[in-house]
Amino acid sequence: MKIALLHTQDALEPPVDPVLDQLESALRTGGHEARRLVVDDTVQPLVTSLSEDRPDLVFNIAESFGGKSALESNVAALLNLLGLRYTGSSPAGLILAGDKTLTKKVLSFHDILTARFATVFRGNVDWAGDISFPLILKPPQEDASLGINQKSIVNDVKELLQTISSLQTEYQSPVLAEEFIDGREFYVGVLGNSDVKALPIIELDFSGYPADRPRIASWEAKWGDDGDEKGEEFAGTKSVFPTDLPEELATRIQRVAMDAFNALRLRDYARVDLRVNDREEIYVIEVNPNCYLEEKSEFASAAAKDGIDYPTLIQRIVELASARYSR
Ligand SMILES: Nc1ncnc2c1ncn2[C@@H]1O[C@H](COP(=O)(O)OP(=O)(O)O)[C@@H](O)[C@H]1O
Ligand SMILES: [Mg+2]
């Protein structure tokens with residue numbers, strides 16, 4: 001097949017994202033002709049390229065347009081309008097899962113547990129039921145822990161107001177305030193469509209995390225530095241395959257991940273982030289359609305653990321996408 005690997009400009013900015021080479025090589029191993037195509041901040045060159053090239057399939061890893069992650073779904077929408085086939089979720093799925101508040105509303109309709117929450121925007125408050133401190137505040141349409149650090153966790157009204165005000169100034173968007181779920185953190189990859197499957201569960205192990213801080217996968221924990229902080233959160237967290245999870249609980253966690261995937265109408269592949277408290281209540285924190293596919297990412301590692309090596313995983317995604325269009 002002739003496959004266009006559609007990615008954003010960010011992936012090319014140093015440090016260049018290794019996922020591009022990895023995907024390209026996996027696609028070639030699968031016998032495909034792969035060509036990269038960049039989504040920048042102007043649509044016309046992209047439309048021209050796609051219309052002239054007419055790839056058999058677009059492998060869509062573009063998570064933003066013009067640097068704006070809120071515009072991610074529009075890239076998939078454009079592919080729809082051009083009549084092209086592409087991997088991953090539709091605009092509907094990307095919109096639902098791309099907005100953490102909408103995600104929570106849809107999941108609660110399906111009786112899937114998420115942290116109780118409220119949203120605040122320029123004095124307008126949207127909430128259902130009581131919520132209590134501690135809370136974690138986040139911009140609802142960002143990813144990669146953008147805007148998430150120790151100041152995101154607030155314990156009283158003063159901290160709440162301060163953080164709301166700084167998030168609103170920075171992101172010009174509503175602020176999502178949700179109850180802080182104290183517990184273990186898990187990531188579950190989901191692969192498939194009508195017949196979805198959950199990959200082995202990965203845990204974010206916080207055992208080396210600074211003892212005096214609430215445990216969160218902050219920007220610093222994920223990427224290593226946050227200005228003046230020195231990377232203790234990064235050094236203190238690692239992804240592991242938990243060995244002490246009772247089978248019954250592991251099965252329930254995987255079930256919740258698959259239910260969330262289906263409730264949000266996702267396609268092909270996604271990663272679901274969850275937290276489980278002492279009472280073994282399973283909360284969905286967020287769902288990532290078209291999740292990061294780097295070889296060492298949680299998703300690809302979980303697939304490898306399940307016996308699906310990298311080229312096979314990428315070929316599986318190509319096949320899942322192609323099968324949707326041939327039905
Ligand atoms: N309600 C919550 N309770 C406890 N921790 C949370 C909650 N929401 C988010 N976190 C922490 O913050 C991290 C990032 O939040 P998340 O919503 O997944 O944002 P992102 O899209 O940036 O990954 C999570 O991995 C988790 O560690
Ligand atoms: Mg997350």
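Here the structure is a predicted model, which means the values were calculated and not measured. (Residues numbered from 1 in each chain as written. Chains lettered and ligands numbered in written order. Predicted model: local features only at pLDDT ≥ 70, side-chain atom pairs only at ≥ 80, totals over all residues.)

A.B. asks: Describe the packing of helix α1 (residues 19-29) against helix α11 (residues 310-325), and please don't skip the residues or the numbers.
C.D. replies: As a packed pair, α1 and α11 sit with axes 9 Å apart at the nearest point and diverge in direction by 80 degrees. On the basis of the axis angle, α1 is roughly perpendicular to α11. In contact with Q22, L23, A26, L27 and T29 of α1, α11 contributes Y310, P311 and I314. Residues belonging to the contact of α1 with α11 are distributed by class as follows: six nonpolar, two polar and no charged. (Axes fitted to C-alpha atoms, helices over the stretch in contact; angles between N-to-C directions. Helix = DSSP H or I, 4+ residues; strand = E, 2+ residues; numbered from the N terminus. Parallel < 35°, antiparallel > 145°, perpendicular 65-115°, else oblique. Contact = placed C-beta atoms within 7 Å. Nonpolar A, V, L, I, M, F, W, Y, C, P; charged D, E, K, R; others polar.)

A.B. asks: Give a detailed account of the site of ligand 1, specifying residues and quantitative values.
C.D. replies: Close to ligand 1 lie 20 residues, the nearest being A115, S145, I181, I216 and A217. Secondary structure elements with two or more residues in the shell around ligand 1: β6 (135-138), β13 (268-276) and β14 (282-289). Split by residue class, the shell around ligand 1 holds ten nonpolar, one polar and nine charged. Of the residues that make up the shell around ligand 1, three or more belong to each of domain 2 (105-110 + 182-315) and domain 3 (116-179). (Near = placed C-beta within 6 Å. Domains from an automatic or database assignment.)

A.B. asks: Describe in detail the sheet that holds strand β1 (residues 2-8), supporting the description with residues and values.
C.D. replies: Read from one edge of the open sheet, three strands run β2-β1-β3, paired in parallel fashion. Two strands lie at the open edges of the sheet, namely β2 (33-39) and β3 (57-60), each paired on one side alone. Within the sheet, the average angular offset between the axes of one strand and its neighbour, ignoring direction, is 30 degrees. Sheet topology places β1 next to β3; four bridges connect them, and they run parallel. Looking across to β3, one finds that L6 is bridged to N60. (Pairing = 2+ DSSP bridges.)

A.B. asks: Residues and numbers for unusual backbone geometry, please.
C.D. replies: With an omega dihedral of -5 degrees, the bond running from P14 to P15 counts as a cis peptide bond. Within the secondary structure, P15 is located in the loop between β1 and α1. The omega torsion across F133 and P134 is -5 degrees, close enough to zero to call that bond cis. In this structure, P134 sits in the loop between β5 (124-127) and β6. For R122, which is not glycine, the phi dihedral falls at a positive 45 degrees. Here D268, not a glycine, exhibits a phi torsion of approximately 65 degrees, which is positive.

A.B. asks: Before we move on, can you summarise α1 with the specific residues and values?
C.D. replies: Inspection of α1 places V19, L23, A26 and L27 among the buried residues, and these make up the whole buried set. For α1, the arc enclosing every buried residue in end-on projection is 100 degrees, short of the 170-degree limit, so these residues lie on one face. Of the surrounding elements, those touching the buried residues of α1 are β1, β2, β3 and α11. Remark: G31 follows α1 within two positions and exhibits a positive phi of approximately 90 degrees. (Buried ≥ 20, exposed ≤ 12 C-beta atoms within 10 Å, placed from the backbone. Arc of directions from axis to C-beta.)

A.B. asks: A description of the sheet that holds strand β4 (residues 117-121) should follow, citing residues and the corresponding values.
C.D. replies: Taken together, the five strands give an open sheet; going across it, the order is β5-β4-β8-β6-β7, and neighbouring strands pair in antiparallel fashion. This sheet does not close on itself; its edge strands, each paired only once, are β5 and β7 (153-154). Bridge count for β4 against β5 is four bridges, and the pairing is antiparallel. Looking at the pairing, V120 lines up with V125 of β5. Helix α6 (residues 157-171) rests against β4, β6, β7 and β8 (175-179) of the sheet, and its axis sits at about 15 degrees to β6.

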